[in-house]
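Next come the chains, spelled out residue by residue.
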Amino acid sequence: MAAPSMENIAMNLANNASDILSKPANPYYPLGTTVEGWVANEATVAEILTVFFGACALLFSATHVISKRLQPNLSNVELLTAMWFVLSGAIHIFFEGYYVFNVLDIGTHQTWIGQMWKEYAFSDSRYLTQNAFVLCMESITAIAWGPGCLLVAGMVLGRHPLRFPLQGLVSLGQVYGDILYYGTAYFEHIVNGVSYSRPEPFYFYFYFVFMNAIWMVIPGGKSAFN
């Protein structure tokens with residue numbers, strides 16, 4: 001068998017270099033994480049956060065107005081409960097549901113929600129690598145707890161007696177999901193020495209810790225005291 005010529009070797013090296021360059025580098029941790037087709041966000045961090053929190057505030061306010069019109073005699077606790085579950089349900093269904101349906105190529109998306117996920121992934125790159133646990137957890141959240149939240153909100157407005165056990169079930173489901181989410185990331189970091197979050201404190205403490213802890217503190221309090 002003839003040895004490869006210098007020309008063939010040079011062509012192979014050029015092709016390999018071209019393949020490497022064609023795959024965009026990405027800033028996610030651990031370094032070297034592969035995100036197929038990844039493209040950087042077009043929007044700035046400030047724009048992404050403004051759109052997200054602005055949409056949450058708008059939905060929260062709209063729920064307040066509609067709830068008072070449908071049930072003027074709601075107590076403050078009932079009103080806040082309905083507002084929380086509508087907001088929570090919308091996030092589960094539309095935001096997390098978007099992830100579930102686009103998990104294979106979400107790194108390529110430039111929609112507002114797609115860019116939000118790519119921004120959040122700086123704190124947990126598992127969301128861009130088709131991680132089995134994250135996909136299963138988010139699927140259950142979008143399919144079960146999202147509609148469950150909206151059902152609880154409707155029962156609160158109608159003052160249905162079954163709202164309390166259903167509220168407890170949904171809240172405990174949210175807390176349980178968060179515990180597993182934190183636990184798996186902690187295990188990977190402590191046992192395997194793998195960190196999925198960039199080292200900047202903002203990504204870890206604001207995105208990973210604070211934004212997820214909301215779904216432990218509020219549902220945990222509701223399941224404990226209702």
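This text goes with the structure placed above it.
Note that this is a predicted model, so its numbers are computed, not measured.

A. Here's a closer look at empty space enclosed by the protein. The full count for this structure, using the stated rule, is 2 cavities of 30 Å³ or more. Roughly 520 Å³ of internal volume is contained in the largest cavity. What lines the largest cavity is a set of 27 residues, among which Phe95, Tyr120, Met211, Asn212 and Trp215 lie closest to the centre. For the lining of the largest cavity, the elements supplying multiple residues, two or more each, are helix H2 (45-70), helix H3 (76-101), helix H4 (112-120), helix H5 (132-158), helix H6 (163-190) and helix H7 (201-225). In this structure, the second largest cavity is lined by Val35, Glu36, Val103, Leu104, Asp105, Ile106, Gly107, Leu128 and Gln130.

B. How the structure looks around the pattern of salt bridges. Going through the model one piece at a time under the given rule, you end up with 4 salt bridges. A salt bridge links Arg126 to Asp124; the shortest N-O distance between them is 3.0 Å. The salt bridge involving Arg198 is made with Glu200; its shortest N-O contact spans 2.8 Å. Connected through shared salt-bridge partners, Glu78, Arg159 and Arg163 make up one network.

C. Molecular detail of the nonpolar core. Ranked by internal contacts, the top residues of the largest apolar core, which has 48 residues, are Tyr99, Trp117 and Tyr127. Residue assignment for this core shows that the elements contributing at least two residues are H2, H3, H4, H5, H6 and H7. No other element matches H3, which puts 12 residues into this core. When residues no more than four places from it in sequence are discounted, the contact partners of Tyr127 are Tyr99, Ile106, Trp117, Tyr120, Val134, Met137, Glu138 and Tyr181.

D. Representation of the packing of aromatic side chains. Scanning the entire structure with this criterion turns up 26 aromatic pairs. Considering the side-chain rings of Phe52 and Phe95, the 5.8 Å spacing of their centres and the 55 degrees angle between planes classify their relative orientation as tilted. Of this pair, Phe52 sits in helix H2 while Phe95 sits in helix H3, and the two are 43 residues apart along the sequence. Accessibility classification places Phe52 together with Phe95 in one group, the buried group. Note on Phe206 and Tyr207: the rings are 5.7 Å apart at their centroids and 45 degrees apart in plane angle, and the pair reads as tilted.

Rules and cut-offs
Residues numbered from 1 in each chain as written. Predicted model: local features only at pLDDT ≥ 70, side-chain atom pairs only at ≥ 80, totals over all residues. Heavy atoms only, no water. 1 Å grid on protein atoms, 1.4 Å probe; cavity = no way out; pocket = protein on both sides within 12 Å on 5 of 7 lines; lining within 4 Å. Points joined across faces, edges and corners; volume = space filled by probe spheres on them. Helix = DSSP H or I, 4+ residues; strand = E, 2+ residues; numbered from the N terminus. Salt bridge = Lys/Arg side-chain N within 4 Å of Asp/Glu carboxyl O. Core = buried A, V, L, I, M, F, W, Y, C linked by side-chain atoms within 4.5 Å. Buried < 20%, exposed > 50% of the residue type's maximum accessible area, 1.4 Å probe, protein only. Contact = heavy atoms within 4.5 Å. Phe/Tyr/Trp six-rings, centres within 6.5 Å; stacked < 30°, edge-to-face > 60°.

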